[in-house]
Every structure is written in C-alpha cells, then in structure tokens.
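So you can see what is in the structure, the chains are spelled out below.
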Amino acid sequence: MNKFKIVAGIAAVSIIFYATSVYWSVEPDNFNPTQATKELTKNNADIAVGAYTTATLIKTIQTLDDKNGGYLSNSVLPPAVMMDNMPSWEYGLLEQSRDLMLVLRRDLSRSQTQSTENKDLQKAHGALNVEHTRLFPTNANAEYKKTIAELQVYLDKLSDTQSQNAQFYARADNLAEWFKQVEKRLGSLSQRLSASVGQYRINTDLSGDLGAEQSTLTESGETVKTPWLDIDNVFWEARGSSWALYHYLKAARIDFKGVLEKKNALASVDQIILELEASLQPVSSPMILNGAGFGIFANHSLVMANYLSRANAAVIDLRRLLQQG
C-alpha cells in the first residue's frame, strides 16, 4: 500500500511538473509598440523621436518577467531547471535586445563620433550584458531590471521638452548601423538552423580579397551538423530573436518614418516585418521535427531558416539603400 502511494505521488508530481512546463513554454502574445509607448511616456500628446524604439526595448525586456513562469534561464528549481525551450527563447530575445542596446548607446544617442556617451544608456547596456544564466553573486534578472530602470530614465529625458540631456538621432546612417547588427544575427541563426540536417560547406572566409589572411589555416570545407539535442534549442532561440526583432522593426518604422519615406523604403521594412511575423506562426507539433529537406516529415528548423534568410536578404538590400546618397 505504501509503495502504491509513493508511485501515485511520483506520478502526480510528474504530471503537475509536465503541465507546468507546457504552460510556461507558451510564447507571449505580440504587443503594440504604439500602445506600449503611450503607457511608458509621460507626454502622450507629443511623443519624441526615439521614444517608440526605446519604449519597445523596455517592454520587450519586461516580457522576460511578465510571461508565463517569469524568467527561467537561471532557475535552479523544478520544473524550470529541466526546461530548455523557453530559456533558449529568452536567450534569443536577449541577444537581439543587446544588439539594439549597443547601437542605441553607441550610435543612435550620439550626434557624432566625438560626442560623449549617454550615462543612462551606458549603465543600461552594462546591466543587460550580464550572463543570462547567472544567479550568484549577481542575479541576471535583477540586472535586467536595472536596464529597464535606466532606459526609463533615458525615455523620460527624451520626452521632456525642457531637457537636452538625452537625444535620439533618427538618421539613415544610424539605422544602417543597426541593420549591420541585424544582418549578422539573422545570418548566424539561418546557418545554425540549416545545419539541422547536416551540410557540407565550402570555406569562403577569405573570398573576395586576394591579400586577406587569417590566424590559423582551416580546411577547404567541412560538414556542419547541429547536435541532435541542440536542434530544438536553436529553433527556440531563433523564435525569441524573431519575436524581439519583429517588435523593434515596428517601432523603428515609426521613429525613422521620415528617413524611410525619403528613401521610398517603407514597403521594404513592411516586407521584413511580414517575414518575421510568418516565422512566428504557432507550432502545432508537440515537438520540433527534424525530417530531411525533401523527406516525408517536416523540418521546422529549415522552415524557420527560410523565413529568416528572406528577412536577412531584405535587410541587406535596405541597408545598402540607406547608405546610398
């Protein structure tokens, strides 16, 4: 009888843990950057340039805490410690946010290379770069809350018409700098997703420059394949990155509307947003399938790679357009 109670208790706990894991693995809903900006700015009647991008960055980082289960990447308690899909999603969101945070600190908030950095953004950037799994002595989640607080200070100064201590320069060259970061992030994710089936890749590291050199010699080609246990982690990291970038582009479309209209590039941004939106369609399968490229079963990684590759190609074209006189 005692053995039966023990088995029943273990089964009940397992079911509870599994149900909790499923609930915590549900991706958060999309939000409206315009509405988020109105909620976070004090002067809704006259929203300053840059407020949409900054407020959306704040709202996106807040989502780490606000979603089901809260922040899970540094949890040491079950069932979170046994989960990997949502922590991978969180990491993808963080990496995309760090890219935007870097450009915001280094370019968007500065008028030229000789201008001084904004102190609030300097603090926010440092806190956001804390290792996402850190629990002690510095709790990663607590550091990300510091980022939110510093970004809110910067946003308040942007919205204060009497203050000139914070600026956001919506210029074509600044937008192009951010797109450079986006290109690298999407390109890397696309490659890693495509490696789910294993590929032989030619080494093109030095292509296009006869005088180019590298530190150590490498093979002319190699077979690249994502380890089986990492396939779903890469997929969910890509989903988190796409989710964040989707919102950032919608906000940037507003802040950089004048620049994009001058370049006749609003449609290009809209197409990138559509590709990212398509990549965020609900996953109906209970697990990430890894079928062959033209096999019977689906390969979710290749589908995701397709959308990100298309978005990346459009970003590259748009960046080149922005850099033209």
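About the cut-offs
- Residues numbered from 1 in each chain as written.
- Predicted model: local features only at pLDDT ≥ 70, side-chain atom pairs only at ≥ 80, totals over all residues.
- Heavy atoms only, no water.
- Helix = DSSP H or I, 4+ residues; strand = E, 2+ residues; numbered from the N terminus.
- Rg over C-alpha atoms; globule rule 2.2 N^0.38 Å.
- Buried < 20%, exposed > 50% of the residue type's maximum accessible area, 1.4 Å probe, protein only.
- Contact = heavy atoms within 4.5 Å.
- Axes fitted to C-alpha atoms, helices over the stretch in contact; angles between N-to-C directions.
- Parallel < 35°, antiparallel > 145°, perpendicular 65-115°, else oblique.
- Left-handed = near helix turned anticlockwise from the far one by under 90°.
- Nonpolar A, V, L, I, M, F, W, Y, C, P; charged D, E, K, R; others polar.
- Salt bridge = Lys/Arg side-chain N within 4 Å of Asp/Glu carboxyl O.

A.B. asks: Help me get a handle on the overall build of the chain, residues and values and all.
C.D. replies: Scanning the chain for helices and strands turns up 11 helices and two strands. Mapped in sequence order, the helices and strands of the chain form the string α-α-α-α-α-α-α-β-β-α-α-α-α. A globule of 325 residues ought to have a C-alpha radius of gyration of about 20 Å, and the chain, at 22 Å, matches this closely. With the C-alpha coordinates aligned to their principal axes, the bounding extent of the chain is approximately 75 × 55 × 40 Å. Here the chain holds 325 residues, and the buried ones make up 46% of them.

A.B. asks: I'd like a rundown of the environment of Ser242, residues and numbers included.
C.D. replies: Checked against the element boundaries, Ser242 lands in helix 8 (residues 231–255). A relative accessible area of 1% places Ser242 in the buried class. The spatial distance from the C-alpha of Ser242 to the C-alpha of Val49 is 24 Å, given a sequence separation of 193 residues. Those residues in contact with Ser242 that sit more than four places away from it in its chain are Leu276, Ser279, Leu280, Met304 and Leu308.

A.B. asks: Lay out the packing of helix 8 against helix 11 (residues 300–323) in plain terms, naming residues and giving numbers.
C.D. replies: In contact at an axis separation of 10 Å, helix 8 and helix 11 are set at 30° when each is read in the N-to-C sense. One finds that helix 8 runs roughly parallel with respect to helix 11. Where helix 8 crosses over helix 11, the two elements pack in a sense that is left-handed. Residues Ile231, Phe235, Ala238, Arg239 and Ser242 of helix 8 form the contact with helix 11, whose participating residues are His300, Ser301, Met304 and Leu308. Along the lines of polarity and charge, the residues of the contact of helix 8 with helix 11 split into five nonpolar, three polar and one charged.

A.B. asks: Go over the packing of helix 3 (residues 51–66) against helix 8, please, and point to the residues and values.
C.D. replies: Helix 8 packs onto helix 3 with a crossing angle of 160° between their chain directions and a minimal axis gap of 8 Å. Judged by the angle between their axes, helix 3 and helix 8 are roughly antiparallel. Of the two elements, helix 3 crosses helix 8, and the hand of that crossing is right-handed. For the pair helix 3 and helix 8, the contacting residues are Ala51, Tyr52, Thr53, Thr56, Leu57, Thr60 and Thr63 in the first and Trp243, Ala244, His247, Tyr248, Ala251, Ala252, Ile254 and Asp255 in the second.

A.B. asks: So what's going on with the pattern of salt bridges? Residues and values would help.
C.D. replies: Applying the stated criterion across every chain yields a total of 17 salt bridges. Between Lys180 and Glu177 there is a salt bridge, with the nearest N and O atoms lying 3.4 Å from each other. Of the two residues, Lys180 and Glu177 both sit in helix 7 (residues 172–194), three residues apart, roughly one turn of that helix. For Lys180, a relative accessible area of 31% gives the class partly exposed. Glu177 gets classed as partly exposed once you look at its relative accessible area, which sits at 24%. Residue Arg310 is joined to Glu275 by a salt bridge in which the shortest nitrogen-to-oxygen separation is 2.7 Å. Residue Arg310 is located in helix 11, and its partner Glu275 is located in helix 10 (residues 266–279); the two are separated by 35 residues in the primary sequence. On the basis of relative accessibility, which here comes to 46%, the residue Arg310 falls in the partly exposed class. Beyond isolated ion pairs, a larger network of salt bridges with shared partners links Glu95, Arg98, Asp99 and Arg185.

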